[in-house]
Structures are given as structure tokens and as C-alpha cells.
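# Fold and geometry: a report
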Amino acid sequence: MRKLPEAVLITAGTKRLGFCMAKATLSMGFSVILHFRSSDRFARDWLRRNPRFNRKVFFIRHDLSDSPETVITKSLKLPCTLTGLVNNASSFSGGNLNDPEHLRRMLEIHLFVPARLGAFFHKQVKSGWIINITDAAIARPGTACQNYRMSKLFLEELTRQQAVLFAPGCRVNALAPGAILPAAGSSKAAFNALADKIPLRKTGSLAALADAYCFLVKNTRCTGQTIAVDGGWHLVA
Ligand SMILES: NC(=O)c1ccc[n+]([C@@H]2O[C@H](COP(=O)([O-])OP(=O)(O)OC[C@H]3O[C@@H](n4cnc5c(N)ncnc54)[C@H](OP(=O)(O)O)[C@@H]3O)[C@@H](O)[C@H]2O)c1
């Protein structure tokens, strides 16, 4: 019987950083399952221009606030063998600890969804790997975006805990981007000015993110690690 190609599920994989990792996944020879909630146009346009990947790219639409495990159940029915999971979906917004409902929403998407997807992935797939996308900014002291920050800190700890719990079958690592792309609503000029604060004097690069991602995918002895791709921004206040 013909062996099915190995595939990687990327949440919010149809644009921006998620799609950058999707293309890196294809470049390593995997198939890719692009989860999205509302926006798939960018990835579908790219696929129309690159039809050689037609059989290697799958789309799943789902709101992760409702039974996130559904995305894995659907992935397991596709003509591929699920081997990797990237928890990339996120909601970046201000909000501090005076707003517990906002904190709950941040914990939902950045902690509970990756925790549930990770546990179900480990149960179903048994041997494979998980990469959680955190944020290098959480290593710097600060009180801005407190709820986002708390939730991503939990995600980093979740990564370490899952690495122990899911071994030896699954490796679990985290990738912590710095300022790679401007957040919705922030100007390009303000984003570029961030370079002055960064030790390497550069804002982020999608290519550097893809390099670090490929390292974590391929390295079979690396688990429980977080790699920051931020030009050293996490080292300074
Ligand atoms: N951009 C950066 O420079 C930067 C810096 C540091 C860390 N990061 C991290 O890198 C990752 C990707 O960043 P990004 O800027 O590319 O992300 P983004 O543009 O903020 O996109 C995140 C996507 O997550 C999806 N999402 C949110 N809640 C969801 C839910 N309940 N169900 C399903 N999908 C949901 C949304 O997809 P739909 O649009 O389909 O609804 C949203 O567009 C995130 O984890 C982020 O925290 C990014």
C-alpha cells in the first residue's frame, strides 16, 4: 500500500507568520493542513499561483473557541499522516488585569486551546512534534498588554510541561518571534522605529523565523526549548 505523506497542522496558517511557516513546511517536503477561522484568501491566491502544491495543501475552517479538537479529528481524515502541530492562532490586544473577562479570552486562545490540541494530538498521533508560538517580548519586564503577556508566559510553561508529559513519543518546543510584522492597526513607520531599541538594530524577518522553525522541526534531540527570533530584544528593557 502507498505510504501517505506526512503532514503538519498549523492553526491560523493561512496568512502572515502562520503562512510563512506553512511555506517552510512545504519546502521540507511535508504536506500542510492550514487551519483558519475567517481569512483564507491570501493562502488560496498563493496556491492558485503555485498549483504544484495543490495535492499537498489542505484547508480546515473552524473557530477554536468551540471544541478545538475537531481540527485534529478532521485532519486525521485527510489523505495524509499527521505528524506535526503548530499552535499559532492568537489574539493580540491590550488589556490589563483589571479586566478579568479579557484575561479569560487571552488564556482561552493562548493556553487552553494549545493545551487541549496538544493533549489530543499526543493521544491520537502518539509520535510526532508540537511547536507553540509564544512571543519574545514576554521575557522583557513590562506592564503593557498584561493579559496577553500572562497568557503567552503560560504557553511557554505549557511547552516545558508538555515536553516532559508527551515524551518519548512527541517533542514539544516553542518559537518566540520578536517584532516580525506590524500588528493590525499599527503603522509601518512606528514598527520600523522599533529597530532602534533592538540590540541587532533590525526588526524581525520572516526568513529568520522560517529558519528557526525548520531547525525545531528537524532536530530530533531538542524538546522543551524556546527559541527567540527577535534580534536580542528580549535581553534589554
Ligand atoms: N506579528 C508579529 O510580529 C509577532 C510578534 C510576536 C509574536 N507573534 C506571534 O506569532 C503568531 C502569529 O502572529 P501573526 O501576527 O501572524 O498573527 P495574527 O495576524 O494576529 O493572526 C492570528 C490569527 O489567529 C486566528 N484566531 C484568533 N482567534 C481564533 C479562534 N478563536 N479560532 C480560530 N482562529 C483564531 C485569527 O484567524 P482569522 O483571521 O482566520 O480569524 C487571526 O487572524 C501569534 O501567536 C503571535 O502571538 C507575532
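Cut-offs used in this document
- Residues numbered from 1 in each chain as written.
- Predicted model: local features only at pLDDT ≥ 70, side-chain atom pairs only at ≥ 80, totals over all residues.
- Axes fitted to C-alpha atoms, helices over the stretch in contact; angles between N-to-C directions.
- Helix = DSSP H or I, 4+ residues; strand = E, 2+ residues; numbered from the N terminus.
- Parallel < 35°, antiparallel > 145°, perpendicular 65-115°, else oblique.
- Left-handed = near helix turned anticlockwise from the far one by under 90°.
- Contact = placed C-beta atoms within 7 Å.
- Nonpolar A, V, L, I, M, F, W, Y, C, P; charged D, E, K, R; others polar.
- Near = placed C-beta within 6 Å.
- Pairing = 2+ DSSP bridges.

### Some points on the packing of helix α1 (residues 16-27) against helix α7 (residues 206-218)
Their axes nearest at 9 Å, the elements α1 and α7 cross at an angle of 55°. As judged from the angle between their axes, α1 and α7 are oblique. α1 and α7 meet at a crossing whose hand is right-handed. Residues Leu-17, Cys-20, Met-21 and Ala-24 of α1 form the contact with α7, whose participating residues are Leu-206, Leu-209, Ala-210, Tyr-213 and Cys-214. Its residues assigned to classes, the contact of α1 with α7 comprises nine nonpolar, no polar and no charged.

### Description of the site of the ligand
Close contacts around the ligand come from 24 residues, with Ala-12, Arg-16, Arg-37, Leu-64 and Ser-90 the closest. Here the shell around the ligand gets three residues from one element, more than from any other, and that element is α1. Here the shell around the ligand is composed, by residue class, of twelve nonpolar, eight polar and four charged.

### Some thoughts on the sheet that holds strand β4 (residues 81-87)
Adjacent strands of a sheet form backbone hydrogen bonds with each other and so pair up, either parallel or antiparallel. Strands sit in the order β3-β2-β1-β4-β5-β6-β7 across an open sheet of seven strands; the sheet is parallel. Edge positions in the open sheet fall to β3 (57-61) and β7 (226-229), since each of these has one partner strand only. Within this sheet the neighbouring strands show an average axis-to-axis angle of 20°, counted without direction. In the sheet, strand β1 (residues 6-10) pairs with β4 via five bridges, with the strands oriented parallel. Across the sheet, the residue bridging to Val-8 is Gly-84, located in β4. Sitting on the sheet, helix α5 (residues 146-165) is in contact with β5 (128-133), β6 (170-177) and β7, with an inclination near 160° to β6.

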